[in-house]
Amino acid sequence: MIFLNQEIAADSICHRDIKETSDKEPEPDLSNLVAALSGKMTDQSSRQSTLEDAIQSPPRTPAEMLLQDRARLYLSATEIRQRHFEDARARLKMISTNSPVAAEAGLLIAESWRLQENHDEALKWFLRVGRHFSDDINALHGLLRAAESMQESGSPREAAALYGEIVDKALNSVRLLESLPEDPAVRVEAVFSHPHLMPAALRRKITSEMLRETADLAQTRQVYRESSQEWHCLLEQQQQLELQSERIRQHSDRLTQASMLVEESMAALEREIHSLEQELVSKDFSAPQLAIRKRLGQARNEKIRLSAQQDFIARTRSMLPQALTTTEQKLQTMTASFSEIRGQASQQLYDAAQKAISATAATFRNLAGDSQRRLAEMQMHQASQP
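Criteria and thresholds
- Residues numbered from 1 in each chain as written.
- Predicted model: local features only at pLDDT ≥ 70, side-chain atom pairs only at ≥ 80, totals over all residues.
- Heavy atoms only, no water.
- Helix = DSSP H or I, 4+ residues; strand = E, 2+ residues; numbered from the N terminus.
- Buried < 20%, exposed > 50% of the residue type's maximum accessible area, 1.4 Å probe, protein only.
- Expected span 1.5 Å × (residues − 1).
- Core = buried A, V, L, I, M, F, W, Y, C linked by side-chain atoms within 4.5 Å.
- Contact = heavy atoms within 4.5 Å.

**Student:** Describe the overall build of the protein, listing the residues and the values that go with them.
**Tutor:** Across its full length, the protein carries 13 helices and 0 strands. Starting at the N terminus and ending at the C terminus, the protein contains elements arranged as α-α-α-α-α-α-α-α-α-α-α-α-α. Out of the 386 residues belonging to the protein, those deemed buried represent 37%.

Rendered as structure tokens:
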């Protein structure tokens, strides 16, 4: 039921149930429901039947929940036109206050009472909706209607207080919009990121303005999201490459030290070989001479082995930086490319967000100005009375 205190706990359970279900089941086919809500289904009887069928079963995903609530709005509006007021209100009260269409549902309930000429109940609902959804422009317009009703019914003091309340609430939304971060990327995230502190009603108003003015908004946002993800991934790879570069530098230092040791060993072997060759006596195969020949052979073999090791160390030392440089160049090229794509998409989103934020702020300013004007007119009229 709408506006019940117990609803908050129930809603959190509902969302958890939906998540658990959606994790286990495939995405439901909502094409018929979307067609009925969008007007693509032109046969009124089929449209009505589709919407009625759609709200009979519990929602399986948050998207289906929202579409079901919109179906309830449509069906209730039809019932109100047919003057089936009680049925319409019963259907509307099934919409949660956490639903994106909750304010619209509450205003429809107020309108149903007004059409029945029950102005007290209509006033109560306009006040309830306006104060519960103070960031929703439609809800504040409902408060304005409530203030007008108070004024017309001879309650100027209450009307004046409500006009002032509308001004405060509207200007509070303007101040919130004006306080959004100046950084383009942060401002775009504030509009699209749900964890941000911006009220949901304001976010919906801004995004609806962006959708209205920017035909390819969804595609631009997708490009921005994917290029940002790839860009951040490449930045992480660059950081990893920097660590790898440090490891290669350390390895290169160790190879340099090893090369120096090999050179020292080869120099010592050169001296030993030269000394042994000086000690050789031609055609002398005595035991001492055989020992010299044996050691000379070992020294020459050792020199060959060390020379090969020296060549390997030299090749490795030259290859490592070259491989690292090639990888760095590739990463830098890819990072620059994705950074450019991300920057273009970010600028497009920022421009669209700026226009939408300005338009939304202007709407709230106009509402505040309208309420302030009505308050001033009422006060002037009272002052002119004898």
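Resuming the write-up.
**Student:** How would you sum up helix 9 (residues 156–178)? Please name residues and give values.
**Tutor:** End to end, helix 9 covers 33 Å across 23 residues, agreeing with the expected 33 Å (1.5 Å per residue, within 8%). Burial in helix 9 covers these residues: A159, L162, Y163, E165, I166, V167, K169, A170, S173, V174 and L177.

**Student:** Outline the nonpolar core, listing residues and values.
**Tutor:** In globular proteins that are soluble, nonpolar side chains generally tend to be buried together. Residues L162, I206 and M210 are the most contacted members of the largest nonpolar core, which totals 55 residues. Only helix 6 (102–115), helix 7 (119–132), helix 8 (137–152), helix 9, helix 10 (184–192), helix 11 (200–213) and helix 13 (287–384) provide two or more residues apiece to this core. The leading source of residues in this core is helix 13, at 12 residues. Sequence-distant contacts of I206, that is, excluding residues within four places in its chain, are made with L177, V191, M198, A356, I357 and T360.

**Student:** Got a sec to walk through the environment of V262? Specific residues and values, please.
**Tutor:** Topologically, V262 is positioned in helix 12 (residues 217–279). Taking the C-alpha atoms as reference points, V262 and L306, 44 residues apart in sequence, are found 6.4 Å from one another. Not counting residues up to four positions away in its chain, the partners in contact with V262 are L306, Q309, Q310 and I313.

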